[in-house]
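# A look at the structure
This is what each chain is made of:
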Amino acid sequence: MADRTKYFIGNWKMFGLSGSYKILERINSFIQRDKKNNKKYKVIIAPPFTLLDSFSKRFKGKKIKIAAQNCYEKDNFGAHTGSISPFMIKKTGVNFIILGHSENRALGEDDKVIKLKVSLAIKNKLNVIFCIGENKKEKKNKQTLPVLKRQILSVLKKGYKFNNIIIAYEPVWSIGSGRVPSPVELKKIVIFLKKFVNKKIKSKIQPKLLYGGSVDKKIIYNLKSVRELDGFLIGGASKSSKNFIDIIKNFYK
Ligand code: PEP
């Protein structure tokens, strides 16, 4: 039977100080109390690099899991000032990593580099949350599906197993804008992507597919009608425990 576990993943981007663990503690306590639904979902939070080591130690064995937001594409150690390798991330006890985020693509990260990052992250036994998505112009020019296909085919290798890769569909025009695709539009894309990935990458395991872009406690009511979705990647609303918990609560209402 297909695994129907939902994922609620928070991307903190450039936010958080050492005391921000309290946000995670509140979310963790909520999950513990949420006996009715807590077996149906997993929560992962991606703080900045500066907090990975302390958060992963503090939340070891707890409900909430920790993810990194990016990594360097080569080597375990080396002369790469300001960079952090998947090997170093794994050594902090972290098991997840977000890769291919549009904010990093906008800074010049291309498919070739993302491919190296995904490959090295998997080699280091990190579970990858791989972000794809079209921008406003591409959407306007009806290029959404060709763009998504290109992003997938140029990064994911044939034979990858989807027990360690989650795909997050994040339309760039939706991130931080308050605009989201309609449920009908989103459903079409999600069904297309799942079939496309299965056919092209030839994995026996169904890929998990998340949606990301302006998810909040209100929009979640619309998005939850897209049953094919396996969860959500949440930016702005993940920085507040209340907002994040409300998203989960409203999803199961
Ligand atoms: C993101 O950056 O991954 C994201 C989904 O951001 P937001 O929820 O703020 O649109």
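Here, every reference points to the structure presented above.
### Description of the pairing of strand 1 (residues 6-11)
In terms of burial, strand 1 is a largely internal element, 6 of the 6 residues being buried. Along strand 1, one buried face is formed by Lys 6, Phe 8 and Gly 10 and the opposite face, lined by Tyr 7, Ile 9 and Asn 11, is buried too. Relative to strand 2 (residues 41-46), strand 1 runs parallel, the two sharing 6 bridges. Its bridge partner lying in strand 2, Phe 8 is registered against Val 43. Tracing the backbone out of strand 1, into helix 1 (residues 21-33) and back to the parallel element strand 2 gives a crossover that is right-handed.

### Notes on the site of the ligand
Within the structure, the ligand sits among 13 residues, and Lys 13, His 101, Glu 170, Gly 176 and Ser 214 are positioned closest to it. In this structure, an oxygen atom belonging to the ligand sits 2.7 Å away from a main-chain N or O atom of Ser 214. Contact distances for the ligand include 2.8 Å between an oxygen atom and a backbone N or O atom of Gly 235. Class assignment of the residues belonging to the shell around the ligand gives a composition of 3 nonpolar, 8 polar and 2 charged.

### What to know about the nonpolar core
Within the largest apolar cluster, 64 residues are counted, with the highest numbers of intra-cluster contacts made by Phe 8, Val 43, Val 118, Phe 130, Leu 156 and Phe 232. The dominant element in this core, judged by the number of residues it contributes, is helix 8 (residues 183-201), at 7 residues. Residues within four places of Phe 232 in sequence aside, it is in contact with Tyr 7, Phe 8, Ile 9, Leu 210, Tyr 211, Val 215, Ile 220, Leu 223 and Phe 251. Within the second largest apolar cluster, 13 residues are counted, among which are Tyr 7, Ala 46, Phe 96 and Ile 98.

Conventions and cut-offs
Residues numbered from 1 in each chain as written. Predicted model: local features only at pLDDT ≥ 70, side-chain atom pairs only at ≥ 80, totals over all residues. Heavy atoms only, no water. Buried < 20%, exposed > 50% of the residue type's maximum accessible area, 1.4 Å probe, protein only. Helix = DSSP H or I, 4+ residues; strand = E, 2+ residues; numbered from the N terminus. Pairing = 2+ DSSP bridges. Right-handed = clockwise from strand over helix to strand, strands pointing away. Near = heavy atom within 4 Å. Polar contact = N/O pair within 3.5 Å; in protein donor to acceptor, adjacent residues only side chain to side chain. Nonpolar A, V, L, I, M, F, W, Y, C, P; charged D, E, K, R; others polar. Core = buried A, V, L, I, M, F, W, Y, C linked by side-chain atoms within 4.5 Å. Contact = heavy atoms within 4.5 Å.

Without other data, these values stay purely geometric and don't point to any function.
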